[in-house]
Amino acid sequence: MSVVWDETKALDTPDPVTVEVYKCSQLAKTCGQCGTMDIDYQCYWCEQQCAMQDQCTGVKIPRNGTCPAPQLTKISPMSGPVWGGTSVTMEGANLGKQASDIHATIGGEACELVQSEYVPATSFVCLTAPVKKGQIGTVEVTVAGKYNATSNQQFSYLQPTVSRIDPAKGPVSGGTIVVLKGRNLDIGSDIQVLVERA
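Residues numbered from 1 in each chain as written. Predicted model: local features only at pLDDT ≥ 70, side-chain atom pairs only at ≥ 80, totals over all residues. Heavy atoms only, no water.

(A) A look at the sheet that holds strand β3 (residues 43-46). Spatial ordering of the open sheet is given by β4-β3-β5, a layout of 3 strands whose pairing is antiparallel. The outermost strands of the open sheet, each flanked by one partner alone, are β4 (49-52) and β5 (60-61). With 4 bridges joining them, β3 and β4 adopt antiparallel strand pairing. The residue bridging Tyr-44 from the neighbouring strand is Ala-51, located in β4. (Pairing = 2+ DSSP bridges. Helix = DSSP H or I, 4+ residues; strand = E, 2+ residues; numbered from the N terminus.)

Following this line, the structure appears as structure tokens:
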């Protein structure tokens, strides 16, 4: 790269020069993504797109502002045991700028945010609370205390049951392959089977 001054005079550039060419609208497709970009890019959300500040002719969202219209697009897993503790991953858009922005419930029950798993604007993880009985409900998220989103998908609290164990016994040395049959044995985010000593 060379820098020309007064149309004809080239300036010396003894050190390597790196130039980054970018377009705000290509770097971010949502308000949340635009607002969490490095401030050096000088990108702002305005007129339903991410643009340079001098290209914003209408109302723009301040860099320290909260994006409206949060969205929930994916819930995983979609079921867990009634005793709680299931790690549920929520994905979407405009989901705040920091973990403290997020308050979530599942079926009306609080879901405890895992702060270390929060990804600004796009996703978060929370742990389900215990419930007294099986139930189904949507995920409700409030961002910064004023913007709300409701999932189209529903989460199910279920009671796993074991109806059959085959074989019913094996050698104390271990190594026996045991088949469990029952209902709702594939729910939750972490499946473990423990065999207690008689």
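There's plenty left to go through after this.
(B) Representation of the nonpolar core. Formed by 22 residues in total, the largest nonpolar core has its most connected members in Leu-72, Met-90, Ile-102, Ile-106, Phe-124, Val-139 and Val-141. The next biggest cluster of nonpolar side chains, apart from the first, holds 9 residues, and it includes Cys-24, Ala-28, Cys-43 and Cys-67. (Core = buried A, V, L, I, M, F, W, Y, C linked by side-chain atoms within 4.5 Å. Buried < 20%, exposed > 50% of the residue type's maximum accessible area, 1.4 Å probe, protein only.)

(C) Representation of the sheet that holds strand β9 (residues 102-106). Strands sit in the order β6-β8-β11-β10-β9-β12-β13-β7 across an open sheet of 8 strands; the sheet is mixed. Across the chains shown, the open sheet's two edge strands, defined by having one partner strand only, are β6 (71-76) and β7 (79-81). Each adjacent strand pair in this sheet contributes to an overall mean axis angle of 35°, direction not counted. As judged from the 5 bridges shared by β9 and strand β12 (residues 135-143), these two strands associate in the antiparallel manner. Paired with Ile-102 across the strands is Val-143, a residue of β12. (Axes fitted to C-alpha atoms, helices over the stretch in contact; angles between N-to-C directions.)

(D) Summary view of the side chain of Asp-101. Relative to the assigned elements, Asp-101 resides in the loop between β8 (87-95) and β9. Comment: no salt bridge for buried Asp-101; closest opposite-charge side chain is Lys-97, at 7.9 Å. Polar contacts involving the side chain of Asp-101 include one to the main-chain amide nitrogen of Lys-97, which spans 2.8 Å. Beyond its immediate chain neighbours, meaning those up to four positions away, Asp-101 contacts Gly-96, Thr-142, Val-143 and Ala-144. (Lys, Arg positive; Asp, Glu negative; His and termini not counted. Salt bridge = Lys/Arg side-chain N within 4 Å of Asp/Glu carboxyl O. Polar contact = N/O pair within 3.5 Å; in protein donor to acceptor, adjacent residues only side chain to side chain. Contact = heavy atoms within 4.5 Å.)

(E) Spatial organisation of the state of the cysteines. In this structure the tally under the stated criterion is 5 disulfides. Here Cys-24 pairs with Cys-43 through a disulfide, and the sulfurs are 2.0 Å apart. Taking the torsion about the sulfur-sulfur bond, which here is approximately -80°, the covalent link between Cys-24 and Cys-43 counts as left-handed. With Cys-24 in helix α1 (residues 24-27) and Cys-43 in strand β3, the pair connects residues that are 19 residues apart, well separated along the chain. The class of Cys-24 is buried, set by a relative accessible area of 4%. Accessibility expressed as a relative area gives 1% for Cys-43, which makes it buried. The disulfide partner of Cys-31 is Cys-67, and the S-S distance across this bridge is 2.0 Å. Handedness of the Cys-31-Cys-67 disulfide follows from its S-S torsion of about -80°: it is left-handed. Taken together, the residues span a long stretch of sequence, with Cys-31 in helix α2 (residues 31-35) and Cys-67 in the loop between β5 and β6 at a distance of 36 residues. Note on accessibility: Cys-31 and Cys-67 belong to one class, buried. Here the protein chain pairs its bonded cysteines, counted in sequence order, in the arrangement 1-4, 2-8, 3-6, 5-7, 9-10. (Disulfide = S-S within 2.5 Å.)

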